Amino acid sequence: MQTASTNIGERMGRSQELSDSKRGPLIGGHLGNKSIRDISWLLNIPRSTVSGIITKWKQLGTTATQPPSRRPRHMTGRGQRMLKRTVRRNHQLSAESIAKDLQTWCGLQMSPTTVRRELHGMGFHGRAAASKPSITKCNAKRRMPWCKARRHWTLERYLPDCIVPSVEF
């Protein structure tokens, strides 16, 4: 009588894919009226994996790995590093100019929207600068006397309603 192996190294990890050489006997065991638990024990494969492969075989008629349903990523790791480096060198570049630069350097045909999305995922966010009032010569002449007149303001004199802590040395 065989015993199930308890060695973690011999069992399949989460990220590994089951080979075709093990999928065939798995389906054969199912067609031979073996239970999922027996197949799992004989082939040393987790029960959830056995159950998933049998379900997939019943639905699709094949045990082959299907292509992913999502759209593949447009940028590679190299492209992302280049994009990050470009933005760090000059953070004022527009998405359009960055897209053109990536086209010439990497050959990546990419829209400005994709560039913005990638930058957002990296933690770079576009922000508009705060508007600052333009101080004209006329405004500067008016403000100077006002500032000089109030140069020696104190809290006690102009804010009597506030509680001002007294500082003793």
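Looking at an unreviewed UniProt entry, the chain carries the name Transposase Tc1-like domain-containing protein, with the source organism given as Staurois parvus.

1. Details of the pattern of salt bridges
Any two side chains of opposite charge can pair, given that their charged atoms come close. Counted according to the given criterion, the structure contains one salt bridge. Residue Arg116 is joined to Glu96 by a salt bridge in which the shortest nitrogen-to-oxygen separation is 3.3 Å. Here Arg116 is found in helix 6 (residues 112-122), whereas its partner Glu96 is found in helix 5 (residues 95-106), with 20 residues between them in sequence. In this structure Glu96 comes out as partly exposed when scored by relative accessible area, which is 38%.

2. Digging into the packing of helix 4 (residues 77-89) against helix 5
Helix 5 packs onto helix 4 with a crossing angle of 130° between their chain directions and a minimal axis gap of 11 Å. As far as their axial angle goes, helix 5 and helix 4 are oblique. Regarding helix 4 and helix 5, the two cross each other, and that crossing is right-handed. Counted together, Gly79, Met82, Leu83, Thr86 and Val87 of helix 4 and Ile98, Leu102, Trp105 and Cys106 of helix 5 form the full contact between these two elements.

Parameters and conventions
Residues numbered from 1 in each chain as written. Predicted model: local features only at pLDDT ≥ 70, side-chain atom pairs only at ≥ 80, totals over all residues. Heavy atoms only, no water. Salt bridge = Lys/Arg side-chain N within 4 Å of Asp/Glu carboxyl O. Helix = DSSP H or I, 4+ residues; strand = E, 2+ residues; numbered from the N terminus. Buried < 20%, exposed > 50% of the residue type's maximum accessible area, 1.4 Å probe, protein only. Axes fitted to C-alpha atoms, helices over the stretch in contact; angles between N-to-C directions. Parallel < 35°, antiparallel > 145°, perpendicular 65-115°, else oblique. Left-handed = near helix turned anticlockwise from the far one by under 90°. Contact = heavy atoms within 4.5 Å.

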